[in-house]
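Residues per chain, in single letters:
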Amino acid sequence: QVQLVESGGGLVQTGGSLRLSCAASGNTGSIIRMGWYRQAPGKQRELVAVVFSGGTTNIVDSVKGRFTISRDNTKNIVYLQMNSLKPEDTSVYYCNALVRSVVNYWGQGTQVTVSS
């Protein structure tokens, strides 16, 4: 089992920045990938950015150049630095951990609201 605890969401104006954090605990040695998804009202959950245990990252095109994902493997924390935020970034952001390529764990979600 893996437990994920997120922090860092909130309300920000267009152009502002936020940093999300997600701390993993439990069987963290089995995690092969951590990252962030988001889900806006009435829309499907979508991948935002993930980082593999070897350091490779995958970031969705809509946030490239604005968002950065990083991971502290010693502390089992993944960060999402979000800059130049836009109203369309408003969503609930969920931390995700992938274990052994088949099991997904999710955090409780943190709201990010960008006002215009």
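Residues numbered from 1 in each chain as written. Predicted model: local features only at pLDDT ≥ 70, side-chain atom pairs only at ≥ 80, totals over all residues. Heavy atoms only, no water.

Caption draft 1: Inspection of the sheet that holds strand β8 (residues 77-82) at higher detail. What the 4 strands build is an open sheet, ordered β1-β3-β8-β7; its pairing is antiparallel. Strand pairing shows two members of the sheet lacking a second neighbour, β1 (2-7) and β7 (67-72), which therefore form its edges. In this sheet, neighbouring strand axes are inclined to one another by 15° on average, regardless of whether the strands run parallel or antiparallel. When strand β3 (residues 18-26) meets β8, the two strands line up antiparallel, connected through 6 bridges. Pairing of serine 21 across the sheet is with tyrosine 79, part of β8. (Pairing = 2+ DSSP bridges. Helix = DSSP H or I, 4+ residues; strand = E, 2+ residues; numbered from the N terminus. Axes fitted to C-alpha atoms, helices over the stretch in contact; angles between N-to-C directions.)

Caption draft 2: How the structure looks around the packing of aromatic side chains. Taken as a whole and assessed by the stated rule, the structure comprises 1 aromatic pair. Between the aromatic rings of tyrosine 37 and tryptophan 106, the centroid separation amounts to 5.0 Å while the plane-to-plane angle is 75°, which identifies the pairing as edge-to-face. Pair noted here: tyrosine 37 is in strand β4 (residues 31-39) and tryptophan 106 is in strand β10 (residues 103-106), with a separation of 69 residues, a long-range link. Using a relative accessible area of 36% as the deciding quantity, one classes tryptophan 106 as partly exposed. A cation sits over an aromatic face here: arginine 45 above tyrosine 94, 3.7 Å from the ring centre. (Phe/Tyr/Trp six-rings, centres within 6.5 Å; stacked < 30°, edge-to-face > 60°. Buried < 20%, exposed > 50% of the residue type's maximum accessible area, 1.4 Å probe, protein only. Lys NZ or Arg CZ within 6 Å of the ring centre and 35° of its normal.)

Caption draft 3: Quick look at the state of the cysteines. Per the stated rule, a full pass over the model turns up 1 disulfide. Here cysteine 22 is linked by a disulfide to cysteine 95, with a sulfur-sulfur distance of 2.0 Å. In this structure, the disulfide formed by cysteine 22 and cysteine 95 twists by about -85° around the S-S bond and is classed as left-handed. In this pair, cysteine 22 sits in strand β3 while cysteine 95 sits in strand β9 (residues 91-99), placing the two residues 73 residues apart along the sequence. Here the two residues cysteine 22 and cysteine 95 agree in accessibility, since each one is buried. (Disulfide = S-S within 2.5 Å.)

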